[in-house]
Amino acid sequence: MKSCVECGNILKLKKLSNGKIMCKPCIDSGNERDAEPEWSWHEANQILDKLFLGSETSASDFTFISKNRISNILIIGNNIEKYFESNPKINYKQIGINDEPSEDILQYFDECFWFIEEALSNETFYEGNLLIHCVAGMSRSATITIAYMMRKY
């Protein structure tokens, strides 16, 4: 698994023009001020074999969705568009969790975990990969993804 050469982070990674792999916080801190990322900050990261974690931007990019065989999308948040809802090859689940410190995200774990398991098993849902996202891909969706991995592994 790839990780940041500065801090070991596995999320928000960028391969820089000099070949180094760094995370957004390390680049933002000035550790690599002159390096240009080779790809967008908004592209989702592959976390497990069939699981991607990303932002609303990655969920709206049909090239990304197609290239990575995304067929199941778990949206964590309210008022986030299902960009390809009319596509019969993409299965959506939306969990209305607000991006607020007072939100009790724990109450949604079982519902999210069930969807993740079904999507990854491809027994109930469409064959392909799963994208979990919220608006920025850094708090709600990351929390669900990490909690799922903690429970599973």
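Residues numbered from 1 in each chain as written. Predicted model: local features only at pLDDT ≥ 70, side-chain atom pairs only at ≥ 80, totals over all residues. Heavy atoms only, no water.

What to know about the sheet that holds strand β4 (residues 51–54)
Taken together, the five strands give an open sheet; going across it, the order is β3-β4-β7-β5-β6, and neighbouring strands pair in mixed fashion. Because the sheet does not close on itself, it has two edges, and the strands there are β3 (45–48) and β6 (91–95). Pairs of neighbouring strands in the sheet enclose a mean axial angle of 25°, with direction left out of account. Note: strand β5 (residues 70–76) against β6, five bridges, orientation parallel. Bridge pairing in β6 links Ile 75 to Gln 94. Relative to the sheet, helix α4 (residues 109–121) contacts β4, β5, β6 and β7 (129–133), its axis offset from that of β5 by approximately 170°. (Pairing = 2+ DSSP bridges. Helix = DSSP H or I, 4+ residues; strand = E, 2+ residues; numbered from the N terminus. Axes fitted to C-alpha atoms, helices over the stretch in contact; angles between N-to-C directions. Contact = heavy atoms within 4.5 Å.)

Concerning the side chain of Ser 71
With respect to the helices and strands, Ser 71 occurs in strand β5. There is a polar contact of 3.4 Å between the side chain of Ser 71 and the backbone nitrogen of Gly 128. Setting aside its immediate chain neighbours within four residues, Ser 71 contacts Lys 89, Ile 90, Asn 91, Tyr 126, Glu 127, Gly 128 and Asn 129. (Polar contact = N/O pair within 3.5 Å; in protein donor to acceptor, adjacent residues only side chain to side chain.)

A closer look at unusual backbone geometry
A positive phi angle, near 50°, is found at Arg 69, a position not held by glycine. Summarising the element assignment, Arg 69 is placed in the loop between α3 (62–67) and β5. In the Ramachandran plot, Asn 79 falls in the positive-phi region, its phi being about 55° despite a non-glycine side chain. Here Asn 79 shows up in the loop between β5 and β6.

A word on the packing of aromatic side chains
Inspection of the entire model under this criterion finds five aromatic pairs. Ring-pair connections join several aromatic residues into one group, and the members of that group are Phe 62, Tyr 83 and Phe 84. (Phe/Tyr/Trp six-rings, centres within 6.5 Å; stacked < 30°, edge-to-face > 60°.)

Points about helix α5 (residues 140–152)
With 13 residues, α5 should reach 18 Å at 1.5 Å per residue; the first-to-last C-alpha distance of 18 Å fits that figure. Burial in α5 covers these residues: Arg 140, Ser 141, Ala 142, Ile 144, Thr 145, Ala 147 and Tyr 148. For α5, the elements touching its buried residues are β3, β4, β5, α4 and β7. (Expected span 1.5 Å × (residues − 1). Buried < 20%, exposed > 50% of the residue type's maximum accessible area, 1.4 Å probe, protein only.)

Examining the nonpolar core
Formed by 25 residues in total, the largest nonpolar core has its most connected members in Leu 51, Leu 74, Ile 76, Cys 112, Ile 116, Leu 130 and Ile 144. Elements that contribute at least two residues to this core include exactly β3, β4, β5, α4, β7 and α5. For Leu 74, the residues in contact, after removing those within four places along its chain, are Lys 93, Ile 95, Cys 112, Phe 115, Ile 116, Leu 130, Leu 131, Ile 132, His 133 and Ile 144. (Core = buried A, V, L, I, M, F, W, Y, C linked by side-chain atoms within 4.5 Å.)

Digging into the pattern of salt bridges
By the definition in use, this model includes four salt bridges. Residue Lys 82 is joined to Glu 85 by a salt bridge in which the shortest nitrogen-to-oxygen separation is 3.9 Å. Exposure remark for Lys 82: the relative accessible area of 26% places this residue in the partly exposed category. When its relative accessible area of 52% is taken as the criterion, Glu 85 is described as exposed. Across the pair Lys 152 and Glu 117 runs a salt bridge, and its minimum N-O distance is 3.4 Å. Of this pair, Lys 152 sits in helix α5 while Glu 117 is found in helix α4, placing the two residues 35 residues apart along the sequence. Overall, the relative accessible area of 32% leaves Glu 117 in the partly exposed class. (Salt bridge = Lys/Arg side-chain N within 4 Å of Asp/Glu carboxyl O.)

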